[in-house]
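# Observations on the three-dimensional arrangement
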Amino acid sequence: MRQFLRPTVFLASFVAVLACAQAAGEDLIHKSLVRIQTVSQNPDYTSPWNAGPIDQGIGAGFVISNDRILTNAHVVSNARMIWVTREGDPNRYTASVEYIAHDSDLALLKLANASFFKTMLPLELDGLPTIESTVLVYGYPIGGDHPSVTRGIVSRIDFEDYSHSGADSHLVVQIDAAINPGNSGGPVVQNGKVVGVAFQGYNGDVAQNVGYIIPTPVIKRFLTDIADGHYDHYVDLAITDFPLDNPAARHALGLPDNSLGVMVSRVFAKGSSDGILEPRDVIVGMDGHSVFSDGSVDIDRSNVSMAELVERKFKGDKIQLDVIRNGKPLKLTVGLQPYPFELYENAYDVKPRYLIFGGLVFQPLDQNFISANQITNPRTRYYFDHFLADNLYKDRPEIVILSNILSDPVNAYANDFRQDIVDSINGAKVRTLDDVAAAFDKPADSYVIEFLGAGRPLVLEAKAVAAARQRILAGYGVGKESNLKP
Amino acid sequence: MMSLRIPFLAALVLALAPASMLRAEPAASALPSVASIVRVNSTNQAYNFVRPWTKRSPFDRRGIGVVIDGGRILVTAEVIANHNFVELERPANSEKVTATVEFVDYESNLAILKPSDPKFLDGTQPVSLAKDVKVGAKVNVAQLEPTGALALTPATITTISVNRYPVDSISLLTYRISAPLQYRDYSFTLPVFLGDRLAGLLMRYDSRSQSADLVPYAVITNFLDRVARKPYQGFPRAGLTFSPTRDPQFRRYLGLKAGQSGVYIASVLHGSPAEKAGLRKGDVLMQVDGEPLDQDGNYDDPTFGKIPFGHLISTASLPGGTLALHVLRDGKEVKLDLPLEPRDPASVISEPAIFDRAPRYYILGGLVFQELSQPYLREWGVNWKSDAPARLVYLDEFQDELPADQGKIVFLSQVLPADTTLGYDDVEGGIVKKVNGRPIHNLNDLAAAAEHPVNGFDEIDLESDPGVLYLDAQQVKASESRLRDSYGLPSLNNLDDPATQPAK
């Protein structure tokens, strides 16, 4: 059985709870905390036509207002069945996901049987805990049928990576209570109110006693976002920027020595700032806050990354930028949209996309594929790693590769092209997996597949492909030849 | 696929051996003499490509050299690569003498040494080279006991092929032997004899499979002939990549008839002999020098058996001249003449190997610029292909696809923190596109462009983030001596051009 929490951590020592805290804790354990048991099925990106292995897991959650249960997205991702149980009640309650935010690792569950909530006590959300203050962490660490509580102090408040999506970083509170598999989704409480959701530990041998919780600003943002009945992604400026500490760079860009401004290095096409910001623009202000040369801003008397100003916005919101371009000040407005690329994000609750033709398996490269398959082809590895950094996305929105070969006489000489990137089929440029499907759908005597850098094309004769079709599908147990929709 | 995409580069064997080698075949009982070999002890010191102004710790390489005519000693080039000091020792009496490297060719992995005192070779017996050595031949690998006695290990030639040589990027004729070699001192390079004649020099040994690769006599003979013709011309390369035509669907697509054979030309390098010959991507190369090619690009050699046609281009011919190619193009046979030319060193974008000279670099106000080379990438260790910066690895690996006017790839290799580079510490690996508005094709371009700051600033345009770096030109000049002193830099640049350096 898999227990939730990623990355994995060291074991916690159980804390002897103080008498006063215990009183509040017992109430909470019985009336707010829930144990979440799941059966999940994770897609198989090595054999994408297969349904994937079935797995079980245990996490925690807690009741909040309006008969909802808050937990981590990673506790209920790819779930086929979700049951909720509580202390002192032998019944299992079937739950379903109402909203899920993979970018901030949060999910809301609802129950078919609403009477469950009658005896439950919804927890209230508090603000950010102060550094050095004490918090209690509730959950079901390393499995177990009964709840556990540990105590820690707030060590640090900072931006950290969220490992569930693998591509997001948001505000995180670091505490010194160990957070273990099974703690995930459990409430972190101070003075009877929630200050966070336990979600990940520190994976490494350098540091010890490091646990991370999702603080309430992130939770509240999630709850606000779904108020319209739909979860939108976080928004992003979709630029890269560079701090302007260097005096020569400041002078060359026509800036005074006032420690303000970061330089725009790159503006991603189709992102929020595309067509508004330009490389070498200097951002000196954001929504009225001065942007310091290290990319920070002062909000509410604390100094945080300017990203925090964007974090607080929602899809369609606007942000005002004070920019210096070619030495002249400009006021620009950016309408905020989610980050335009999902390539490097772990995806959940989607089915792998693929297409099989003549025993050749074509798949788009994405993080899920990369996690499941070893890429040894140097060109393909480079294309994935540098897809954004080297603007490769401008040529092709997707990198479609020959991911696997279901060996058959029709493809006996295709092995040279394994993991190569498809460039064109019968002269038609391939930019997405759909292009591959369209090209093979067009009647032709033979299909000439050109791969990037391969020199020679791979030729498949339509007759041979047709003759091999049933043989391959039956022989390899392929139920479905393609899945083009996630 | 990968091996077939490597531009085959190769070279070959002389039809006529020098007169001294045309002796009668040795009697079966003939054995090499200890008087034909000497110990070679070379103290080498490689350059550090990460800190190109420094050298690494010196180390010794000990091998066995073979005495050949003209008072010369033959060894593999690897023994003396980056040598500081070379010493020869007679096995019998331990007499020692210093030596100079008369000639080295890293492509064929061969070097010629000369003792500082010719009398050192008095009483030695120059060896002659074997010929017509075929698969199955019984040979002896020569090693030396500490006493100076000859230790011979019998071995059998198992395979003859054309493989990539260990030092540079060329593929040449290679003999593989099977031999259970014991570890002995002075084993870095070992001569292998057929009777008393030199069959080759051992260049790599795999103790698990007990197999070893030799630079065979055929390559050595050709090398010595090239050395005799001044100026030296390296082993010719065609400058193309090819794919086999085994796939029947591909053969029908190409219009190849049942009896027709050959290989598909997958790419032709800019400025290469193949391009000069008029060869094009998509041609089917059917014959080289009158030898028909099979679907994998092999031909039948009377001595070596079925080997890749690259051998005909690299080693089976004299320097200069041309080789006839028969090509199938649009269903018609076309005859082309391939000029036999070695690689032009100036045309190489990322050098596969650099020895005996310091890496080029240029430091501008603490920003260290270098030209991309494989030795630089290899500083990341055995897993350099996955550990070194991916963009640089990619450019090295696929440099043949870069535009003809690429020149070198100049990149920011590191930042020495200084007043001038404040805030630039984390910028690394960026490829330089322009400096002060001038396009950069090599470090000399960069040095020249740095003489022309714009409005008092040096502006360095990088391909990757942050896109641009600025330096205060006056501050750069003023900080030069401080930079040199604080980081112990002997010089702020090395722009020595290998093309203008005398060959050793």
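Let me sum up the structure you'll find in this document.

This brings us to the overall build of chain B. Helices and strands together make up the secondary structure of chain B, namely twelve helices and 28 strands. In terms of overall size, chain B behaves like a compact globule, its C-alpha atoms giving a radius of gyration of 25 Å where 504 residues would be expected to give roughly 23 Å. By principal-axis analysis of the C-alpha atoms, chain B measures approximately 80 × 65 × 40 Å. Sequence separation of at least 24 residues holds for 65% of the intrachain contacts in chain B that already meet a minimum separation of 6. In the structure as shown, chain B presents an accessible area of about 21000 Å², 50% of it carried by carbon and sulfur atoms. Side-chain charges in chain B split into 51 positive and 60 negative, and the spacing between the mean points of these groups amounts to 5 Å.

The next thing to look at is the overall build of chain A. When its secondary structure is counted, chain A shows nine helices and 29 strands. For chain A, the C-alpha radius of gyration of 26 Å lies close to 23 Å, the compact-globule estimate for 486 residues. Along the longest, intermediate and shortest principal axes, the C-alpha atoms of chain A span 80 × 70 × 45 Å. Counting only residues that meet the buried cut, chain A has 55% of its 486 residues in that class. For chain A, the accessible area works out to roughly 20500 Å², and carbon and sulfur atoms hold 49% of it. Taking the 43 positively charged and 57 negatively charged side chains of chain A as two groups, their mean positions are separated by 4 Å.

All names here are of chain B. Under the definition given, this model contains four cavities of 30 Å³ or more. Considered as a void within the structure, the largest cavity measures approximately 120 Å³ in volume. What lines the largest cavity is a set of 14 residues, and nearest its centre among them are Glu351, Ile354, Arg360, Glu371 and Ser373.

Residues and elements named next belong to chain B. Spatial ordering of the open sheet is given by S25-S24-S26-S27, a layout of four strands whose pairing is antiparallel. Every interior strand has two partners, whereas the edge strands, strand S25 (438–439) and strand S27 (468–472), have only one. Note that strand S24 (residues 432–435) and strand S26 (residues 457–462) share three bridges and pair antiparallel. In the strand pairing of S26, Val435 is matched with Ile460.

Residue pairs three or four apart in sequence face the same way in an α-helix, which turns once every 3.6 residues. Residue and element names in this part refer to chain A. Among all positions of helix H8 (residues 433–441), only Leu433, Val436, Ala437, Ala439 and Phe440 are buried. Down the axis of H8, the sector holding all buried residues measures 165°, keeping them to one side. Packing partners of the buried residues in H8 comprise strand S22 (354–357), strand S23 (360–364), strand S24 (400–405), strand S25 (422–425), strand S27 (446–451) and strand S29 (482–483).

All names here are of chain A. Taken in spatial order, the four strands of this open sheet run S24-S23-S22-S29, and their pairing is antiparallel. Of all strands in the sheet, those bounded by a partner on one side alone are S24 and S29. With three bridges joining them, S22 and S23 adopt antiparallel strand pairing. The residue of S23 that forms the bridge with Leu355 is Phe362. Relative to the sheet, H8 contacts S22, S23, S24 and S29, its axis offset from that of S22 by approximately 25°.

Once that is clear, we can look at the layout of surface pockets. All names here are of chain A. Roughly 1100 Å³ of volume is contained in the second largest pocket. Along the wall of the second largest pocket there are 38 residues; nearest its centre are Phe341, Glu342, Leu343, Glu345 and Ala347. A breakdown of the residues in the lining of the second largest pocket according to their chemical character gives 20 nonpolar, six polar and twelve charged.

Position of B:Gln414 among the secondary structure elements: in strand S23 (residues 410–415). With sequence-adjacent residues up to four places away left out, B:Gln414 is seen in contact with B:Val50, B:Arg51, B:Trp53, B:Gly366, B:Leu367, B:Val368 and B:Glu428.

This part takes up the environment of A:Met263. If you trace the backbone, A:Met263 turns up in strand S15 (residues 262–267). C-alpha separation for the pair A:Met263 and A:Ala249, spaced 14 residues apart in sequence, amounts to 9.5 Å.

Moving on, we come to the pairing of strand S9 (residues 148–162) of chain A. Residue and element names in this part refer to chain A. Examined bridge by bridge, strand S8 (residues 134–139) and S9 share six bridges and lie antiparallel to one another. Considered in S9, the bridge of Val137 is made with Thr150. Turn length for the S9-strand S10 (residues 168–175) hairpin, with the two strands adjacent in sequence and antiparallel, is five residues, and the turn residue Gly166 shows positive phi of about 75°.

Moving on, we get to the pattern of salt bridges. Applying the stated rule across the entire model yields 46 salt bridges over all chains. Its salt-bridge partner being A:Lys313, residue A:Asp287 comes within 2.7 Å of it at the nearest N-O pair. Linking A:Asp287 in the loop between strand S16 (282–286) and strand S17 (289–290) with A:Lys313 in the loop between helix H5 (307–311) and strand S20 (318–325), this pair joins segments that are 26 residues apart in sequence. You can call A:Lys313 buried: its relative accessible area is 16%. Across the salt bridge formed by A:Glu398 and A:Arg353, the nearest N and O atoms sit 2.6 Å from each other. Residue A:Glu398 is located in the loop between helix H7 (378–385) and S24, and its partner A:Arg353 is located in the loop between strand S21 (328–335) and S22; the two are separated by 45 residues in the primary sequence. For A:Arg353, a relative accessible area of 18% puts it in the buried group. When salt bridges with common partners are traced through the structure, they connect B:Glu107, B:Asp168, B:Arg237 and B:Arg343 into a single cluster.

What follows concerns the environment of B:Ala277. Residues and elements named next belong to chain B. Within the fold, Ala277 resides in the loop between helix H5 (273–276) and strand S15 (284–288). With relative accessibility at 9%, the residue Ala277 sits in the buried group. The sequence separation of Ala277 and Lys335 amounts to 58 residues, and the corresponding C-alpha distance is 9.6 Å. When near neighbours in sequence (up to four residues on either side) are disregarded, Ala277 contacts Leu336, Asp337, Leu338 and Pro339.

Each value, and the rule that gives it
- Residues numbered from 1 in each chain as written.
- Chains lettered and ligands numbered in written order.
- Predicted model: local features only at pLDDT ≥ 70, side-chain atom pairs only at ≥ 80, totals over all residues.
- Heavy atoms only, no water.
- Helix = DSSP H or I, 4+ residues; strand = E, 2+ residues; numbered from the N terminus.
- Rg over C-alpha atoms; globule rule 2.2 N^0.38 Å.
- Contact = heavy atoms within 4.5 Å.
- Areas by Shrake-Rupley, 256 points an atom, 1.4 Å probe, with all protein chains shown as cover.
- Lys, Arg positive; Asp, Glu negative; His and termini not counted.
- Charge placed at Lys NZ, Arg CZ, Asp CG, Glu CD.
- Buried < 20%, exposed > 50% of the residue type's maximum accessible area, 1.4 Å probe, protein only.
- 1 Å grid on protein atoms, 1.4 Å probe; cavity = no way out; pocket = protein on both sides within 12 Å on 5 of 7 lines; lining within 4 Å.
- Points joined across faces, edges and corners; volume = space filled by probe spheres on them.
- Pairing = 2+ DSSP bridges.
- Arc of directions from axis to C-beta.
- Axes fitted to C-alpha atoms, helices over the stretch in contact; angles between N-to-C directions.
- Nonpolar A, V, L, I, M, F, W, Y, C, P; charged D, E, K, R; others polar.
- Salt bridge = Lys/Arg side-chain N within 4 Å of Asp/Glu carboxyl O.

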